[in-house]
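Now for the letters of each chain:
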Amino acid sequence: MSGRRGLGAPWRRRRPLRTRLALAVTAAVALVAVAVCAGAFLVVRAALYHQLDLSLTQSARLAAQRNPDSAPGSLAGECRFLAAPACAEVVPADPSADPARPGLLPVRPAAREVAAGERAPYYTDITLAGHPARMLTTDYAAGRALQVALRADPVEDGIEQASRRLVLAAVAGVLLAAVLGYGVSRTGLAPVTRLTATAERIAATRDPRHRIELPPPGRQDEITRLAESFNTMLGELEQSVTAQRRLVADASHELRTPLTALRTNAELLARADRLTPEQRQRASAALGRQLREVTNLVGDLIELARDEEPRQLVERVRLGALVEHCVDAAREHWPAVAFQRSAPDGDPAVSGVPARLSRLVGNLLDNAAKFSAREAAGLPVEVDLRVPVPGGGPELTVRDHGPGIDEKDLPHVFDRFYRAGVVRALPGSGLGLAMARQIALAHGAELTAEHAPGGGALFRLTFPAGP
Ligand SMILES: Nc1ncnc2c1ncn2[C@@H]1O[C@H](COP(=O)(O)OP(=O)(O)OP(=O)(O)O)[C@@H](O)[C@H]1O
Ligand SMILES: [Mg+2]
């Protein structure tokens, strides 16, 4: 039992692709070579016999013309020598009218039927005095048939010679097929081999900077396209690895300052007995604030490190209610700032994760309140939710009357840890908008910043149309 399994195993194992391709090409080309040779053999044989049959027909006509009405029996020739003309014999329909048999040529019942006019002329392969011959039995005078025979050895020799050559050609064809199969599999699979080598190198080195070499443009094929997709994938992988590394580096850098401040305050409070009550009060207030900041920072970092919406949390979100809730929360957090929510325009809904959308909107409101609190002079933060194009996606705008965003800062406000120089004094880490944009992208929405007409900043969140 185990012996059988041991024998069968190597056969059951899949051969490498290159060997399989070589075998398939060889088999296909060899099959064609053998089929062509076999076809050629049949054609040559048919042509040679056709030639012989034509000579037989002509000989029969000549014999009939020369002897228009002969009695049954031998007419001419013996077919003993190759060069001799055709031998002919007259066969009567009635066997009793035939002279002594056996005559020169064999007579079959079918020949009698031809003589009687009951059957069409026909050809037969016979043996004459030990030589192969071909015979035509055709109609002659009334009640008699004419049999004409010719030696077939030249034809047989020709066929044998042709078959020998064709077998040689078929063998050469099969050998050529093997060489071609090997060549085709080698050159055809070369790009695949390169692709595999690169993939293996990446797997071994874990370095996504490798790329597959592509042929010059214009020589595109399926493998090149596969290689291109692979390169694109590697590019994206490299980008995401770099982004992750940068995020970790930035985060550790950003965490250092608040953590140092925290430690200083904690150390200060450890020696609380040496502090005045006011100093103790201040230190513990600062400790609380810094702890909140670090907590926010860590929360934002975790949010940013997350990439996709967990599918099971996605639900239908009514934006009106969500914005209302966020504005209420902001009012509570910024009691000195006025928030003005314009009259709702319908009740637009999108599919998304409510908690994350609240975080996004909350961040915009928080920024607007934080950056405009000092300069807005009582002007409110305006929140507007509407569907600008009937049938299109909903759009949320948050506008403040603060200092606005400098032209040079505008392209960068969504970068991680980016904070414009003028606001450095205000609390924050510069992660809020990066996170907001990431949440927007995850919902298929677009978040942009612009200058509000008449001063201040305006953030626009546009959702795609449809459910
Ligand atoms: N409403 C606004 N008015 C003026 N500048 C703004 C406004 N919103 C954002 N900015 C600018 O964009 C920068 C990035 O904003 P972001 O919300 O990412 O960071 P932050 O508010 O400083 O910190 P965090 O949100 O992490 O607490 C801000 O530092 C500020 O320079
Ligand atoms: Mg912010």
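The rules we used
The numbers attached to residues start from 1 for each chain and follow its sequence in the written order. Starting at A for chains and at 1 for ligands, labels are handed out in the order in which the entities are written. Only residues with pLDDT of at least 70 get local features here, since the model is predicted, and only at 80 or more are side-chain atom pairs given and counted; chain-wide, interface and lining totals rely on the full set of residues. An automatic or database domain assignment is the source of the domain bounds shown. Two strands qualify as a pair provided that DSSP identifies no fewer than 2 bridges between them. Here a helix means four or more residues in a row that DSSP labels H or I, a strand means two or more in a row labelled E, and each is numbered from the N terminus. In this analysis an axis means a line fitted to C-alpha atoms, helices contributing only their contacting stretch, and an angle means the value between N-to-C directions, from 0 to 180 degrees. C-beta atoms are first placed from the backbone for all residues, and any pair lying within 7 Å is then listed as a contact. Multiply 1.5 Å by the residue count of a helix minus one, and that product is the helix's expected span. Burial is judged by counting other C-beta atoms within 10 Å of a residue's own C-beta: 20 or more means buried, 12 or fewer means exposed, and anything between counts as partly exposed, with every C-beta placed from the backbone. Each residue receives a C-beta atom placed from its backbone. It is near a molecule or strand if this atom lies within 6 Å of it. Basically, the charged four are Asp, Glu, Lys and Arg, the nonpolar ten are Ala, Val, Leu, Ile, Met, Phe, Trp, Tyr, Cys and Pro, and anything else, Gly included, counts as polar. For the purposes of this analysis, a nonpolar core is taken to be any set of buried Ala, Val, Leu, Ile, Met, Phe, Trp, Tyr and Cys residues that are connected through C-beta atoms within 7 Å. What pLDDT reports is the predictor's confidence in each residue, on a scale of 0 through 100. If an angle is under 35 degrees, it is roughly parallel; if it is over 145, roughly antiparallel; if it lies from 65 to 115, roughly perpendicular; otherwise it is oblique. Throughout, a crossing is termed right-handed when the near helix is turned clockwise from the far one, and left-handed when it is turned anticlockwise from it by less than a right angle.

Partitioning the protein chain into domains gives domain 1 (66-152), domain 2 (216-305) and domain 3 (312-462). Domain 1 and domain 3 are separated by 113 Å when their C-alpha centres are compared.

Read across the open sheet, the 5 strands follow the order S7-S9-S10-S12-S11; overall the sheet is mixed. Sheet topology places strand S7 (339-341) and strand S11 (446-451) at the edges, where each strand pairs with a single neighbour. Across the sheet, the axes of successive neighbouring strands diverge by a mean angle of 15°, strand direction being ignored. Sheet topology note: the strand S9 (residues 381-386)/strand S10 (residues 395-399) ladder contains 5 bridges and is antiparallel. Bridge pairing links Asp 384 to Thr 397 in S10. Contacting S7, S9 and S10, helix H8 (residues 319-333) crosses the sheet at an angle of about 170° to S9.

A few words on helix H2 (residues 17-66). Between the first and last C-alpha of H2 there are 73 Å, a value that for 50 residues agrees with the 74 Å anticipated at 1.5 Å per step. Burial in H2 covers these residues: Ala 22, Thr 26, Ala 30, Cys 37, Leu 52, Leu 56, Ser 59, Ala 60, Ala 63 and Ala 64.

Turning our eyes to something else, we now look at the site of ligand 1. In the vicinity of ligand 1 there are 24 residues, among which Arg 419, Ala 420, Gly 428, Gly 432 and Leu 433 approach most closely. Only helix H9 (354-372) and helix H10 (432-442) provide two or more residues apiece to the shell around ligand 1. A breakdown of the residues in the shell around ligand 1 according to their chemical character gives 12 nonpolar, 8 polar and 4 charged.

Of all hydrophobic cores here, the largest spans 39 residues; its most connected members are Val 323, Val 361, Leu 364, Leu 365, Val 398 and Ala 436. Those elements giving two or more residues to this core turn out to be H8, H9, S9, S10, H10, S11 and strand S12 (457-462). Here Ala 436 is in contact with Leu 360, Asn 363, Leu 364 and Leu 447, once residues within four sequence places are set aside.

It is worth spelling out the confidence of the model for the protein chain at this point. With 92% of its residues at a pLDDT of 70 or more, the protein chain shows a mean pLDDT of 85. Confidence drops under a pLDDT of 50 for residues 1-8, and excluding neighbours within four residues, the segment shows 0 contacts in the predicted structure.

Another point: the packing of helix H7 (residues 277-305) against H10. Where H7 meets H10, the axes come as close as 10 Å, and the angle between the chain directions of the two elements is 30°. Considering the angle they form, H7 stands roughly parallel to H10. With respect to the hand of their crossing, H7 and H10 are arranged in left-handed fashion. Here Asp 300, Glu 303 and Leu 304 of H7 come into contact with H10, specifically with Gly 432, Ala 434, Met 435 and Gln 438. For the contact of H7 with H10, the per-class residue count stands at 3 nonpolar, 2 polar and 2 charged.

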